[in-house]
Amino acid sequence: MFGKRGAASPTTGTVKPAAATAGQTANLIPPSQTNTAVSASEKPAVKTPAAPVVREKSQAYYDTKSQIFAALIDTIDLSQLSRMDADAARDDIREIVNDIISIKNFVMSIAEQEELLDDICNDVLGYGPLEPLLARDDIADIMVNSARKTYIEVNGRVQETNVRFRDNQQLLNICQRIVSQVGRRVDESSPICDARLPDGSRVNVITSPLAIDGTALTIRKFKKDKLTLDQLVRFGSISQMGSELLQIIGRVRCNIIISGGTGSGKTTLLNCLTRYIDETERIITCEDSAELQLQQPHVVRLETRPPNLEGEGEITMRDLVKNCLRMRPERIIVGEVRGPEVFDLLQAMNTGHDGSMGTIHSNSPRECLNRMEAMIAMGGYTLPQRTVREIIVGSVDVIIQATRLRDGTRRITHITEVVGMEGDIIITQDLMNFEFLGEDINGNIIGRHVSSGIGRPAFWERARYYNEDQRLATILDTMEVAGSQQI
């Protein structure tokens, strides 16, 4: 116990199973039984992820919770609480809340009391109403538009939930708790913030005065089990032969750009490709918020830093890419290329750091090339257009296009080689692409991955150098003979 006042000290006499007085009924359970119920009350969100998220609570429930929460804060010693491990702190909080309910004679059922206990523990120790959503592994995105509106994406479909916050201040407090864990802050003077959860899930917060209806929070969740190319094949995101082709591309150290729109699965695909990097290679990653989950032992992870209150101390992506060139990298992986740092990444790709990778927001391989040209111009470089394109051609070997289709599914729609130049035009060739055929009665997209019939890609000599030429030839022949694979 870590109480700091005697007002709510636990006694066995204050907690009774039932009281049948004239106007009062209290169904309470002893603290010992309450503690054993912690895991049982938390497991359903994990065991049955497809169940309804949270049932809608009445205003009376929130009023009762506010009174109990205020009494709890007045009772506990927060300094001692911070030094306890999570399980012990949760048990003691549940015990004190049980005593408060008994002393104040709140009328509620055992189920309501258990729900309230979990909510208060989540408010004090976790992320409040977000905890049930974070516990579900089938949710891809959590989108909090305001204290009263929360949406989630499940299986590619966006749906509204019954999750709500007590008020905008509670939502802002939870956002500040999240971003403070990575040394950042969000308030009126710094209303936009990018951060991450301990599991690497991406977090974006924007608050007033920029967010008119109150603080808006967006969380891009990562699955607990990391996806692999084999799983992408099972999901229909890529064909089996396409998966093996991607494995070879990663193995022979081609320089890869993964292109795609928001939520198309670029980071997931990048994580999948990094599994085929040799464990002996030194890898350096540069990210705005650390999301990549590399399994190799020799990895150095770098992360950008926003400016402080005085507007100083900012470390940009370009600074990180420049610095990692001095760290003897064998591969450089940039989580997301958004600006002039693309020039430094291309320079690294073209100066001995083969096998480097990055992601770019664009809708097609051709548009990806145009975006790289535009981002180089953003850096203030006054190079001739032909020179810029020659740098791109000499640096990028393969562009992989990921797309989120209108039915919510994600597909790898192009595996494209950058071949060379004819005049001032960059020449590319598709090794494989996704062909749209129609949709079924449920509105799901039907299509197939089709080989373009290329028998000898431009990176053939590179594959031969790594003794992968025979395997590559077999894959390309199989793809051409099969024609396509139905999804």
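Residues numbered from 1 in each chain as written. Predicted model: local features only at pLDDT ≥ 70, side-chain atom pairs only at ≥ 80, totals over all residues. Heavy atoms only, no water.

(A) Broad picture of helix α11 (residues 240–251). With 12 residues, α11 ought to run about 16 Å at 1.5 Å a step, and its terminal C-alpha atoms sit 17 Å apart, in line with that. Taking burial as the measure, the 12 residues of α11 include 9 buried ones, the bulk of the element. When we look at burial in α11, the residues that qualify are Met241, Gly242, Ser243, Leu245, Leu246, Gln247, Ile248, Ile249 and Gly250. Arg253 occupies a position one or two residues after α11 and carries a positive phi of about 65 degrees. (Helix = DSSP H or I, 4+ residues; strand = E, 2+ residues; numbered from the N terminus. Expected span 1.5 Å × (residues − 1). Buried < 20%, exposed > 50% of the residue type's maximum accessible area, 1.4 Å probe, protein only.)

(B) Spotlight on the side chain of Arg331. One can find Arg331 in strand β10 (residues 331–334). Here Arg331 falls in the buried class, since its relative accessible area comes to 0%. Within the structure, the side chain of Arg331 is placed 3.2 Å from the backbone oxygen of Gly250, a separation counted as a polar contact. Excluding its chain neighbours within four sequence positions, the residues that come into contact with Arg331 are Gly250, Arg251, Arg253, Ile277, Glu281, Arg282, Ile283, Ile284, Asp354, Gly355, Ser356 and Met357. (Polar contact = N/O pair within 3.5 Å; in protein donor to acceptor, adjacent residues only side chain to side chain. Contact = heavy atoms within 4.5 Å.)

(C) The arrangement of the sheet that holds strand β4 (residues 192–196) in detail. Read across the sheet, 6 strands follow the order β3-β2-β1-β6-β5-β4 without closing on themselves; strand pairing throughout is antiparallel. Pairing within the sheet leaves two strands with one partner each, and these edge strands are β3 (157–160) and β4. Across the sheet, the mean angle separating the axes of adjacent strands is 15 degrees when strand polarity is ignored. Both β4 and strand β5 (residues 202–206) contribute to a ladder of 5 bridges, which runs antiparallel. Across the sheet, Ile192 pairs through a bridge with Ile206, a residue of β5. (Pairing = 2+ DSSP bridges. Axes fitted to C-alpha atoms, helices over the stretch in contact; angles between N-to-C directions.)

(D) Molecular detail of the environment of Ala89. For Ala89, the location among the structural elements is in helix α6 (residues 86–104). In this structure, the C-alpha to C-alpha distance between Ala89 and Val124, residues 35 residues apart in sequence, is 9.6 Å.

(E) Representation of helix α9 (residues 168–180) within the structure. For α9, spanning 13 residues, the distance from its first C-alpha to its last is 18 Å, which sits close to the expected 18 Å at 1.5 Å a residue. Among the residues of α9, Gln170, Leu171, Leu172, Ile174, Cys175, Ile178 and Val179 are the ones counted as buried.

(F) Quick look at unusual backbone geometry. Omega for the peptide link from Ser208 to Pro209 comes to 5 degrees, which places this bond in the cis form. Along the polypeptide, Pro209 turns up in the loop between β5 and β6 (216–220). Even without a glycine there, the phi angle at Arg253 is positive, about 65 degrees. Counting through the fold element by element, Arg253 comes out in the loop between α11 and β7 (256–260). Taking the relative accessible area as the measure of exposure, Arg253 reaches 11% and is therefore buried. For Asn467, which is not glycine, the phi dihedral falls at a positive 60 degrees. Within the fold, Asn467 resides in the loop between α17 (460–465) and α18 (469–482).

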